[in-house]
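Here are the chains, one letter per residue:
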Amino acid sequence: MIEKEAIEVFILAGGESRRMGTDKGLLNFKGTPMILHIIKLLDQLNLKTNIISNNKEYLKFGKPLYTDIIPKKGPMGGLYAALEYSKAPMVLLLACDMPSINKEGIQSLMTVAEPEKITVATHSERISPLLACYPKSVIEKVEKAILADELKMQDFVSKQPHVILNLNALENTAILRNINTREELQAAENTETDGE
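Along each chain, numbering runs from 1 in the same order as the chain's sequence is written. Residues qualify for local features only when their pLDDT is at least 70, as the model is predicted, and side-chain atom pairs are given and counted only at 80 or more; totals for whole chains, interfaces and linings, by contrast, use all residues. The basis for every side-chain value is the complete set of heavy atoms in the structure, and neither hydrogens nor water enter the calculation.

Colleague: What is the right way to look at the packing of aromatic side chains in this model?
Modeller: Pairs of aromatic rings are described using the distance from one ring centre to the other and the angle between the two planes. Aromatic rings from Phe, Tyr and Trp, taking only the six-membered ring of Trp, are treated as a pair when their centres fall within 6.5 Å; an angle between ring planes under 30 degrees marks them as stacked, one over 60 as edge-to-face, and anything in between as tilted. Here the structure, examined in full by the defined rule, presents three aromatic pairs. For the pair F10 and Y66, a centre-to-centre distance of 6.1 Å together with 40° between the ring planes defines the contact as tilted. Of this pair, F10 sits in strand β1 (residues 7–12) while Y66 sits in strand β5 (residues 65–66), placing them 56 residues apart in sequence. The structure contains a cluster of three or more aromatic residues connected by ring pairs, namely F10, Y66 and Y85. Numbering of helices and strands starts at the N terminus; helices are DSSP runs of H or I of at least 4 residues and strands are runs of E of at least 2.

Below is the structure:
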């Protein structure tokens, strides 16, 4: 188990989504910007929260905003920036397009997390590297992968010592749903209850 004091949260945001055609984190989900659902939840959990984005509009949410150190490397570049900027021994990485993330999911992740291992959520064979805890100690391996242009996060995680949190056991798989299109946004708004 990782204590709150040992974790710093970084939300990856600000990517120009090809499928959505706009910055997803700023899109409204149930009348509120998608990223704000996640920020409010993290505030309730009293977790130190930062945003990684090159879009200065995210400053309006009142959280520290950092830009990519190695640009145009996708989520892997975001992870590298988070590990570089974090003052905590563990980084909790989240995507801005997962507004159904809830307290139970994050607390479960922190409960099973081990200090020197990556802890990642899954609901099937497929792991979700954007609901995961990364120890600061993997930073050199992340940098090496980026320089080799090995940017698939699932491949990276599978090669490292890691712990898997199976959300099927919690009957809580909806929290991993990420929203990539306006159709998915509409469907999620129609079906989701807020992740309290």
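Colleague: I'm lost on the environment of I52 in this one. Help?
Modeller: Inspection of the secondary structure assignment puts I52 in strand β4 (residues 49–52). Between the C-alpha atom of I52 and that of G78, which follows or precedes it by 26 residues, the distance is 6.6 Å.

Colleague: Which parts of the structure should I look at to understand the environment of E57?
Modeller: Relative to the assigned elements, E57 resides in the loop between β4 and β5. For E57, a relative accessible area of 42% puts it in the partly exposed group. Sequence spacing of E57 and L26 is 31 residues, and the spatial spacing of their C-alpha atoms is 8.6 Å. Working definition: with a 1.4 Å probe on protein chains only, accessible area under 20% of the residue-type maximum means buried, over 50% means exposed, and in between means partly exposed.

Colleague: What's the story with the packing of helix α2 (residues 74–85) against helix α4 (residues 139–147) in this structure? I'm lost.
Modeller: For any two helices packed against each other, the geometry is given by the interaxial angle and the distance between the axes. It is at 10 Å that the axes of α2 and α4 come closest, and there the two elements cross at 150°. Judged by the inter-axis angle, α2 sits roughly antiparallel to α4. The element α2 and its partner α4 pack so that their crossing is left-handed. Contacts between α2 and α4 involve M76, G77, L79, Y80, L83 and E84 on the former and, on the latter, I139, V142, E143, A145 and I146. Each residue is assigned to one of three groups, with Ala, Val, Leu, Ile, Met, Phe, Trp, Tyr, Cys and Pro labelled nonpolar, Asp, Glu, Lys and Arg labelled charged, and all others, Gly among them, labelled polar. For the contact of α2 with α4, the residue count by class is eight nonpolar, one polar and two charged. In this analysis, axes come from line fits to C-alpha atoms, helices being fitted only over the stretch in contact, and the angle between any two N-to-C directions falls in the range 0 to 180 degrees. By the definition adopted for this analysis, an angle is roughly parallel if under 35 degrees, roughly antiparallel if over 145, roughly perpendicular if from 65 to 115, and oblique otherwise. Crossing handedness: left-handed means the near helix sits turned counterclockwise from the far one by under a right angle, and right-handed means the same turn made clockwise. Any two residues having at least one pair of non-hydrogen atoms within 4.5 Å are treated as being in contact.

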